[in-house]
Amino acid sequence: MNIAWASSRVLGRDLCSTSQINLANGLVDKGHNVTFYSPGGSSGLKFEHISIQQSDLHGFQARSICRNLISKIEELNQADVVLLDWTLWKLSRRINKSTVLIDRSPPANNGILAKLQWRPWRKAWSKASKGTTVSPAHSRFVMEETKSAEKTIQVIPAGVDLELFQPGKKDGPIKLAYHGRVDVHRGVMSLPMILAGLHSQGVEATLHIHGTGDAVERLKSMDLEGLEVTDALPQEDLAAKLATYDVGLLPMPEHKVWSLASPLKRSEYLACGMVVCGIDHAGHQVEASGEWLQLYTQKDFITSTVSWIKSLDRESLYGLQAESRKFAEENLSWSHSVDALESIMLS
């Protein structure tokens, strides 16, 4: 099958583009031809990537990509099926082939730009006959917001590269970790308090934060023993570090965006044989999870995480970490997500 995929994600730079690269590579592995149209570029692609220029003005990127894709409409219409990010859905009226809406996240910002995006998001879903979401909660939200029970919606959660993200040697102090966007509204300022709480309880621990965002400088300025804050790392370097860490943290609060999400970091934590502590909402929950996933109310997140980690010895921690890796192997490989994407294209 010949597949064309038009996306507003910046390949190789946007964190969310990791999902699309793995999905597109997986489709190629299954024998399909994939041509991907988006800004940016990356190495290690198994599919053809056609770079599309976008505006530098925040809030006008998707509009500029749509405008620049108009010259490629004839190419898109030569495919058997076209995948369109919801941000580019206005192009669908020019496409005469089977089209699938790709929604990896509804409008994510808190500001005026997000408010302006909700109308085109709803319009895209109201016009689409079939599309994809990242979680069951996300699918329910789409159905409620578009007032339709007739759409074909396939859940395609974020998977993980099980060969790249693997457990390594874990010893010494308990190593806590967070990676991704390091923004204040993601709850990251609570993480040093967990480290300080463990120290006050006599637990040897370190905290490692990797990423970029508006909280980085505040975190770096803290005089807290065992706290390491770095910029975002290349995937290979990140995987090597996660392999040696013990506990992955999910501090994102119960907000519409994160309650509907399927965070890639959670899958990467589990693949590296880490246990996970986070705030309890639909975006962090895992069906049939074991004790390796501990979720608490936002109010109790810090104290309960400290208490639970303090209750573990190395032997019991190793047992839970082995279970988390086993769960990842059985449930979180990209092959499951690729199969789901292929099924909706063939439906």
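As a reminder, the structure under discussion sits directly above these lines.
Okay, so let's go over this structure.

1. Side note on the overall build of the chain
Counting its regular elements, the chain contains 13 helices and 13 strands. On C-alpha atoms alone, the chain measures out to a radius of gyration of 21 Å, which is about the 20 Å that the 2.2 N^0.38 rule sets for 347 residues. In terms of overall dimensions, the chain has a C-alpha envelope of 65 × 40 × 40 Å along the principal axes. Counting across all 347 residues of the chain, residues that qualify as buried make up 53%. Looking at the chain as shown, the accessible area adds up to about 15800 Å², and 48% of this sits on carbon and sulfur atoms. Distance from the positive charge centre (37 side chains) to the negative charge centre (39 side chains) of the chain: 10 Å.

2. A look at the side chain of Asn 77
Here Asn 77 is to be found in the loop between helix H3 (73-76) and strand S4 (81-85). Note on Asn 77: relative accessible area 15%, which makes it buried. For Asn 77, the side chain forms a polar contact with the main-chain nitrogen of Asn 96, separated by 2.8 Å. Among residues more than four places away in sequence, those in contact with Asn 77 are Arg 94, Ile 95, Asn 96 and Lys 97.

3. With respect to the packing of aromatic side chains
This structure, assessed with the given rule, holds six aromatic pairs. Ring plane angle 65 degrees and centroid distance 6.0 Å describe the contact between Trp 118 and Phe 141, whose orientation is recorded as edge-to-face. Residue Trp 118 is found in helix H4 (residues 112-127), and its partner Phe 141 is found in helix H5 (residues 136-146); the two are separated by 23 residues along the sequence. When its relative accessible area of 13% is taken as the criterion, Trp 118 is described as buried.

4. Details of the sheet that holds strand S11 (residues 247-250)
Spatial ordering of the open sheet is given by S10-S9-S8-S11-S12-S13, a layout of six strands whose pairing is parallel. The open sheet has two free edges, formed respectively by strand S10 (227-230) and strand S13 (293-296), since each of these has just one partner strand. Neighbour to neighbour, the strand axes of the sheet diverge by 20 degrees on average, direction disregarded. Strands strand S8 (174-179), strand S9 (205-210) and S10 of the sheet are contacted by helix H8 (residues 235-242), whose axis makes an angle of about 150 degrees with S8.

5. What about a positive patch on the surface?
Together, Arg 63, Arg 67, Lys 90, Arg 93, Arg 94, Arg 119, Lys 123 and Lys 127 line one region of the surface with positive charge. Considering each element in turn, the positive patch owes the most residues, three residues, to H4. Mapped onto the elements of the fold, Arg 67 is located in helix H2 (residues 61-69).

6. Describing the nonpolar core
Residues Leu 176, Leu 191, Ile 209 and Leu 242 are the most contacted members of the largest nonpolar core, which totals 53 residues. When residues no more than four places from it in sequence are discounted, the contact partners of Ile 209 are Tyr 178, Val 182, Leu 191, Leu 219, Leu 227, Glu 228, Val 229 and Thr 230. Counting 28 residues, the second largest nonpolar core, distinct from the first, contains Leu 101, Trp 125, Ala 137 and Val 142.

7. So, the environment of Ala 215
Topologically, Ala 215 is positioned in the loop between S9 and helix H7 (216-220). In this structure Ala 215 comes out as buried when scored by relative accessible area, which is 0%. Residues Ala 215 and Pro 253, 38 residues apart in the sequence, show an inter-C-alpha distance of 16 Å. Excluding its chain neighbours within four sequence positions, the residues that come into contact with Ala 215 are Val 182, Asp 183, Val 184, Val 188 and Met 189.

8. Topic: helix H11 (residues 301-310)
Those residues of H11 that fall on the buried side of the exposure criterion are Phe 301, Thr 305, Val 306, Trp 308 and Ile 309. For H11, the angular spread of buried residues about the axis comes to 170 degrees, placing them on one side. Check the buried side of H11 and you find it contacts S8, helix H6 (191-200), S11, strand S12 (275-279), S13 and helix H12 (314-331).

9. Describing the packing of helix H1 (residues 17-29) against helix H13 (residues 334-346)
Working note: a packed helix pair is described by the angle between its axes plus the distance between those axes. The N-to-C vectors of H1 and H13 enclose an angle of 70 degrees; their axes lie 9 Å apart at closest approach. As far as their axial angle goes, H13 and H1 are roughly perpendicular. Facing H1, whose interface residues are Thr 18, Ser 19, Asn 22, Leu 23, Gly 26 and Leu 27, H13 presents Trp 334, Ser 337, Val 338, Leu 341, Glu 342 and Met 345. Partitioning the contact of H1 with H13 into residue classes produces six nonpolar, five polar and one charged.

10. Examining the environment of Asp 339
Inspection of the secondary structure assignment puts Asp 339 in helix H13. Along the chain, Asp 339 and Leu 207 lie 132 residues apart, while their C-alpha atoms are 36 Å from each other.

11. Considerations on the sheet that holds strand S1 (residues 2-6)
With parallel pairing, seven strands are arranged side by side in an open sheet as S3-S2-S1-S4-S5-S6-S7. Here the strands that pair on one side only, and so sit at the sheet edges, are strand S3 (48-51) and strand S7 (152-155). Pairs of neighbouring strands in the sheet enclose a mean axial angle of 20 degrees, with direction left out of account. Inspection of the sheet shows S4 paired to strand S5 (residues 98-102) by five bridges, in the parallel sense. Of the residues in S5, the one forming a bridge with Leu 83 is Val 100. Strands S1, strand S2 (33-38), S4 and S5 of the sheet are contacted by H1, whose axis makes an angle of about 160 degrees with S2. Seen against the sheet, H5 touches strand S6 (130-133) and S7 and runs at an angle of roughly 160 degrees to S7.

Reading guide: rules and limits
Residues numbered from 1 in each chain as written. Predicted model: local features only at pLDDT ≥ 70, side-chain atom pairs only at ≥ 80, totals over all residues. Heavy atoms only, no water. Helix = DSSP H or I, 4+ residues; strand = E, 2+ residues; numbered from the N terminus. Rg over C-alpha atoms; globule rule 2.2 N^0.38 Å. Buried < 20%, exposed > 50% of the residue type's maximum accessible area, 1.4 Å probe, protein only. Areas by Shrake-Rupley, 256 points an atom, 1.4 Å probe, with all protein chains shown as cover. Lys, Arg positive; Asp, Glu negative; His and termini not counted. Charge placed at Lys NZ, Arg CZ, Asp CG, Glu CD. Polar contact = N/O pair within 3.5 Å; in protein donor to acceptor, adjacent residues only side chain to side chain. Contact = heavy atoms within 4.5 Å. Phe/Tyr/Trp six-rings, centres within 6.5 Å; stacked < 30°, edge-to-face > 60°. Pairing = 2+ DSSP bridges. Axes fitted to C-alpha atoms, helices over the stretch in contact; angles between N-to-C directions. Patch = residues over 30% accessible without salt bridge, like charges linked within 9 Å, V, L, I, M, F, W, Y side chains within 5 Å. Salt bridge = Lys/Arg side-chain N within 4 Å of Asp/Glu carboxyl O. Core = buried A, V, L, I, M, F, W, Y, C linked by side-chain atoms within 4.5 Å. Arc of directions from axis to C-beta. Parallel < 35°, antiparallel > 145°, perpendicular 65-115°, else oblique. Nonpolar A, V, L, I, M, F, W, Y, C, P; charged D, E, K, R; others polar.

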